[in-house]
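# Overview (structure and organization)
Spelled out from the first residue to the last, the chains are:
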Amino acid sequence: NYLGGCYFFTADEARIQGKDVLLIEGKHSKSGSLPSLEDIKDGLIKMVLFANLKEVKIGENKYNPQAILKLTTGEGFNLSKLNKRQIDIYNLLSKEAETNSFKIEYL
């Protein structure tokens, strides 16, 4: 950047499945029905980066990057426990994922 620094974005998890490498960014809430909006926004920044990678290599092997935003809660995700605001966030996230070619896992 203009300050001369280097910044490294890392995935919380990475798994190889065939020719794909899953780049997973996880956000968690111990007590809420969804992680905080700030955490979700942070995860979306990484989704933009991971979903737009042109080439991913591990050693000499090339892989297709698959970006995944994993949202977890202490009691497990339950759509019926979401309030109106959280349902709106859930719906917006679904559209965002479809538009920008990443997946969302709710656990």
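About the cut-offs
Residues numbered from 1 in each chain as written. Predicted model: local features only at pLDDT ≥ 70, side-chain atom pairs only at ≥ 80, totals over all residues. Heavy atoms only, no water. Helix = DSSP H or I, 4+ residues; strand = E, 2+ residues; numbered from the N terminus. Buried < 20%, exposed > 50% of the residue type's maximum accessible area, 1.4 Å probe, protein only. Contact = heavy atoms within 4.5 Å. Axes fitted to C-alpha atoms, helices over the stretch in contact; angles between N-to-C directions. Parallel < 35°, antiparallel > 145°, perpendicular 65-115°, else oblique. Nonpolar A, V, L, I, M, F, W, Y, C, P; charged D, E, K, R; others polar.

Attention now moves to the environment of Asp-42. Considering the arrangement of structural elements, one finds Asp-42 in helix H1 (residues 37-51). Accessibility expressed as a relative area gives 32% for Asp-42, which makes it partly exposed. Between the alpha carbons of Asp-42 and Lys-27 there is a distance of 8.9 Å; along the sequence they are 15 residues apart. In this view, Asp-42 contacts Glu-25 and Lys-27; residues no more than four positions away in its chain are not counted.

For the rest of this paragraph, the subject is the packing of H1 against helix H2 (residues 84-100). Look at H1 against H2: their axes get within 11 Å of each other, and the N-to-C directions meet at 5 degrees. Between H1 and H2, the angle is such that the two are roughly parallel. Here H1 contributes Leu-37, Ile-40, Leu-44 and Ala-51 to the contact with H2, which in turn contributes Arg-85, Ile-89, Leu-93, Glu-96 and Asn-100. Classifying every residue of the contact of H1 with H2 by side-chain character gives six nonpolar, one polar and two charged.

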